[in-house]
Amino acid sequence: MEPRNQTSVSEFLLLGFSQDSVHQPILFGLFLSMYLVTVLGNLLIILAITSDSHLHTPMYFFLSNLSFADISFTSTTVPKMLVNIQTQSKSITYAGCITQMYFFMVFGGMDTFLLTVMAYDRFVAICHPLHYTVIMNPQLCGLLVLVSWFISFSYSLIQSLLMLRLSFCTNWVIPHFYCELAQALTLACSDTLVNHILQYMVTALLGIVPFSGILFSYTRIASSILRIPSANGKYKYKAFSTCASHLSVVSLFYGTGLGVYLSSDVSSWRGMIASVMYTVVTPMLNPFIYSLRNRDMKRALQKVLGRILYVQ
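Conventions we followed
Residues numbered from 1 in each chain as written. Predicted model: local features only at pLDDT ≥ 70, side-chain atom pairs only at ≥ 80, totals over all residues. Heavy atoms only, no water. Helix = DSSP H or I, 4+ residues; strand = E, 2+ residues; numbered from the N terminus. Expected span 1.5 Å × (residues − 1). Buried < 20%, exposed > 50% of the residue type's maximum accessible area, 1.4 Å probe, protein only. Contact = heavy atoms within 4.5 Å. Polar contact = N/O pair within 3.5 Å; in protein donor to acceptor, adjacent residues only side chain to side chain. Pairing = 2+ DSSP bridges. Axes fitted to C-alpha atoms, helices over the stretch in contact; angles between N-to-C directions. Disulfide = S-S within 2.5 Å. Phe/Tyr/Trp six-rings, centres within 6.5 Å; stacked < 30°, edge-to-face > 60°. Parallel < 35°, antiparallel > 145°, perpendicular 65-115°, else oblique. Left-handed = near helix turned anticlockwise from the far one by under 90°. Nonpolar A, V, L, I, M, F, W, Y, C, P; charged D, E, K, R; others polar.

A. Representation of unusual backbone geometry within the structure. The backbone of Gln-88 shows a phi angle near 55 degrees, a positive value even though the residue is not glycine. Mapping Gln-88 onto the fold places it in the loop between helix 3 (78–87) and strand 3 (91–93).

Written out as structure tokens, the structure is:
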């Protein structure tokens, strides 16, 4: 790469959504509201699952982990953005930027793996109901979650360490509301070939492979449900309804994710709105999607809310 003016970088500037001070209070109120709804909604899901013994099943075990990952995923970006809006500052330290990238990749990867594991859980429950408790035993469930954490932490650590070896030019402006990896790589003066190769490899690992697993699981599920005789229409409806919530979340997550990474200009308004859908709106909607049509979850949430109100 042709040498350019290089210096040691101490901070980056995150341009965010708007330079106009008139829009800042509106953006602050909007993102604060969405963040609070995300945290409270997913916390309620976790409390409901842990406090109700009827929900101590593989499906809800994975859902509680997904809720924790969603809270953490949103917390890597929104609080810093809110602080920057409130203080009228756009800066983020170099260490803070690398740290934000690291945790963003960790929890984004966890979301991907957990959605895949949940699809496998539904596949076993519907296609092999008699062997469900044997296959989806506590040891396997714990192992699947641990492997997901290990892969997410490992990739994120490697990518972050590779970022540390890069030198940056005098342009430290990231036209986004968080330290987005691809945007940060464009600011580097040193060779980023290894970073890009790793990024493409992990895109396949965290995108194509899990998505293929989800498609395979639901293809087999659909095939099994369609073979159910029409006389058992009630069972067929129940089988479809148990998958509807998960399919909605998968469609929202992958649809917005593809919108971000297939966008020709991630820093454009369209790209940033897709990023907001991916990083903020999807985690916010997940608790509603999983609880609205689930009687067991509704009952558990009512108990949790009743205890909270009783204590107050």
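B. Looking closely at helix 6 (residues 138–164). Helix length check: helix 6 (27 residues) gives 39 Å between terminal C-alpha atoms against 39 Å at 1.5 Å per residue, within 8%. The set of residues buried in helix 6 consists of Cys-141, Val-145, Ser-148, Trp-149, Ser-152, Tyr-155, Ser-156, Gln-159, Ser-160, Leu-162 and Met-163. Those residues of helix 6 that are buried lie in contact with helix 2 (58–75), helix 4 (94–127), strand 4 (168–169), helix 7 (181–186) and helix 8 (193–226). Capping the start of helix 6 is the job of one residue whose side-chain oxygen sits 3.1 Å from the backbone nitrogen of Gln-139: Asn-137.

C. Region of the structure containing the pairing of strand 2 (residues 11–14). Residues Phe-12 and Leu-14 of strand 2 are buried on one face, while the alternating residues Glu-11 and Leu-13, pointing to the opposite face, are not. Of the strand pairs in this sheet, strand 2 and strand 3 are connected by 3 bridges, and their pairing is antiparallel. Directly across from Phe-12, in strand 3, lies its bridge partner Ile-92. Summarising the sheet, strand 2 and strand 5 (residues 173–174) pair through 2 bridges and their orientation is parallel. Across the sheet, Leu-14 pairs through a bridge with Ile-174, a residue of strand 5.

D. The arrangement of the sheet that holds strand 3 in detail. Here we have 3 strands laid out as an open sheet, ordered 3-2-5, and mixed in their pairing. The sheet is open, and its two borders are formed by strand 3 and strand 5, each paired with just one other strand. Contacting strand 2, strand 3 and strand 5, helix 4 crosses the sheet at an angle of about 85 degrees to strand 3.

E. Up close: the state of the cysteines. In this structure the tally under the stated criterion is 1 disulfide. Cys-127 takes part in no disulfide bond, and the closest cysteine sulfur to it belongs to Cys-243, at a distance of 8.7 Å. Since its relative accessible area comes to 3%, Cys-243 is described here as buried.

F. Molecular detail of the packing of aromatic side chains. Tallied over the full model, the rule gives 20 aromatic pairs. Relative to Phe-153, the ring of Trp-149 has its centre 5.5 Å away and its plane inclined at 25 degrees; by these criteria the two rings are stacked. Separated by 4 residues within a single helix, Trp-149 and Phe-153 lie in helix 6, roughly one turn from each other. Measuring from ring centre to ring centre gives 5.0 Å for Phe-177 and Tyr-178, while their planes differ by 70 degrees; the resulting arrangement is edge-to-face. Comparing Phe-177 with Tyr-178 shows no difference in burial state: the two are buried. Of the aromatic side chains, those joined through ring pairs into one cluster are Phe-73, Phe-104, Phe-177, Tyr-178, Phe-211, Phe-253, Tyr-254 and Tyr-278.

G. Geometry of the packing of helix 2 against helix 6. Between helix 2 and helix 6, the least distance of the axes is 10 Å, while the angle of their chain directions is 25 degrees. Compared by their axis directions, helix 2 and helix 6 come out roughly parallel. For the pair helix 2 and helix 6, the sense of crossing is right-handed. Residues Pro-58, Phe-61, Phe-62, Asn-65 and Phe-68 of helix 2 pack against Cys-141, Gly-142, Leu-144, Val-145 and Trp-149 of helix 6. Among the residues making up the contact of helix 2 with helix 6, the classes are represented as 8 nonpolar, 2 polar and no charged.

Bear in mind that shape data such as this cannot, by itself, settle questions of function.
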